Amino acid sequence: MTALSELAPPATAREARPADRSALLTVDLAAVAGNVRTIAASTDATLMAVLKADGFGHGAVAVAEAALANGATRLGVTGIGEALALRAAGVTAPVLSWLNPVSAPFREAIAADVELAVPGLPHLNAVIQAGRGAKVHLQLDVGMARDGAAPADWAELCAAARAAEKRRLIRVVGVMGHLGCADRPGDPCNAASRARFEWGVQTARDTRLRPTQLHLAATAATVTDRRSHYSMVRVGAGLVGIDPSRTVRLRPAMTLTAPVVSVRQVRAGTLVGYGHAWTTPTATQLALLPLGYADGLPRAASGRAEVLVRGRRRPVVGAISMDQTVVDLGPDPVDPGEPVTVFGPGDGGEPTVADWAEWAGTIEHEIVTGIGSRVPRRLR
Ligand SMILES: *Cc1c(COP(=O)(O)O)cnc(C)c1O
């Protein structure tokens, strides 16, 4: 328990102008374009741009257009809803959707020429019921026990798909798998998964299926192992500057800034934030930022994270709250309304998404897809 009398008295807090009180997420489409060109140059295979989760939080339509203009020719998403949103925005490139419940709107997908991954007989039957002519990618689990048909069920799935194809109900255009350890290129699990994938393709061919789109690799395998490319690679993270294998230089495409809301002078011994998780060791100045974990700043990064203020790294202090974050400015002057860079490509010394991921004990993907919907987006 802390008696009120022990708390440092509140010091005067200068307030920012209301117009300055908005965080901003800036998406650098030139960075996306450069990343797509870098990746396209590393393969002879068809490049599918993966735009799930709103283009990894960067804006699916904008990332799709940048990818298609720089070497990608196909698009991939998880749910049919994401595919239909691309169609509604006028995107006409081929789109594959690979994660749907059997109750998904397969009829709308077929009508919008959205290709569908089929991981088992219940899905195959649902797609056949939904209408004629679906372009199907049979999906095999090559070793992560997550999505795709188990190998024990594969031959039966291929046979059922071939029977439907003969009746002109569907067309099997692809076989897909997904690697579970591609961020560790030397892991034997990759060779085992490739072997299982090749077995799956051969089994499909033995069933007289003629899939032309054979795809296994995502970003990490695309940039580390040509043997995994087959006829197509599916790249998501790499588009926006994330390389899970840490082997190529890609450019982060997101910059998150926020204006200082207020600056307060405090004494040594001031208890800061929820739970009084931090106490000022000296007299200092604390800046308040209008961003918190609801906006995607991970609470787990409290006590470790930094931001860039006037060209210098400053620590985030106390617990990150839902809407607010406190930064220790030290003795240097900072005015309310001044911009703070939470993360960016790192050119100016600001933290990167990779730094935030490390501080929070997570991966970059979780940071970029977690930026809250109330943060305004700007494309540049
Ligand atoms: C997310 C996803 C991808 C893209 O993976 P990245 O590592 O982000 O390139 C590819 N395929 C499937 C099935 C996925 O779910």
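All residue numbers refer to position in the chain's written sequence, counted from 1. Local features in this predicted model are restricted to residues of pLDDT 70 or higher, and side-chain atom pairs are both shown and tallied only at a pLDDT of 80 or more, whereas totals for entire chains, interfaces and linings draw on every residue. Hydrogens are left out, water is left out, and the side-chain values use all remaining heavy atoms of the structure.

**Focus on the domain arrangement of the protein**
Quick reminder of the rule: Note that the domain bounds were set by an automatic or database domain assignment. Whether two residues are in contact is decided by their heavy atoms: any pair within 4.5 Å suffices. Buried area adds together the accessible area that both of two parts lose upon being put together, with accessible area traced by a 1.4 Å probe.
Looking at the protein, the domain boundaries give domain 1 (11-25 + 253-379) and domain 2 (29-240). Between domain 1 and domain 2, the C-alpha centre-to-centre distance is 38 Å. Contact residues are listed per partner, giving 8 residues for domain 1 and 10 residues for domain 2. Of the roughly 690 Å² buried between domain 1 and domain 2, counting both surfaces, carbon and sulfur atoms make up 73%. Area buried by domain 1 at its contact with domain 2 is led by A253, T369 and L379, which between them contribute 60% of it.

**Topic: the environment of L286**
So the rule is basically this: Every helix listed is a DSSP run of H or I at least four residues long, and every strand listed is a run of E at least two residues long, numbered separately from the N terminus.
As for its placement among the helices and strands, L286 is situated in strand β15 (residues 284-289). Residues L286 and G71 lie 215 residues apart in sequence; the distance between their C-alpha atoms is 47 Å. Sequence-distant contacts of L286, defined by excluding residues within four places in its chain, comprise S262, V263, R264, V266, V272, W278, T280, V317, V326, V327, D328 and L329.

**Considerations on the state of the cysteines**
Throughout this description, disulfide means a covalent bond between two cysteine sulfur atoms. Just so we agree on the cut-off: We call a pair of cysteine sulfur atoms a disulfide whenever their separation is within 2.5 Å. Three labels apply to residues, based on accessible area from a 1.4 Å probe with only protein chains included: buried if under 20% of the type maximum, exposed if over 50%, partly exposed otherwise in between.
For the structure shown, the criterion picks out 1 disulfide. Bridging C181 to C189, the disulfide has an S-S length of 2.2 Å. Judged by the torsion about the S-S bond (105°), the C181/C189 disulfide is right-handed. No difference in accessibility class separates C181 from C189, as the two residues are buried.

**Topic: the packing of helix α6 (residues 121-130) against helix α7 (residues 151-166)**
Counted only if it meets this: Note on method: axes are straight lines fitted to C-alpha atoms, helices fitted across the in-contact stretch only, with angles between N-to-C directions ranging 0 to 180 degrees. For classification purposes, angles smaller than 35 degrees are called roughly parallel, those larger than 145 roughly antiparallel, those between 65 and 115 roughly perpendicular, and all remaining angles oblique. Helix crossings get a hand from a simple test, with the near helix turned counterclockwise from the far one by less than a right angle marking a left-handed crossing and a clockwise turn marking a right-handed one. Note on residue categories: nonpolar means Ala, Val, Leu, Ile, Met, Phe, Trp, Tyr, Cys or Pro, charged means Asp, Glu, Lys or Arg, and polar means any other residue, Gly included.
At their nearest, the axes of α6 and α7 sit 10 Å apart, and the two run at 15° to each other. Compared by their axis directions, α6 and α7 come out roughly parallel. Remark: the crossing between α6 and α7 carries right-handed chirality. Contacts from L121, L124 and I128 in α6 reach E156, L157, A160, A161 and A164 in α7. Residues that form the contact of α6 with α7 fall into these classes: 7 nonpolar, no polar and 1 charged.

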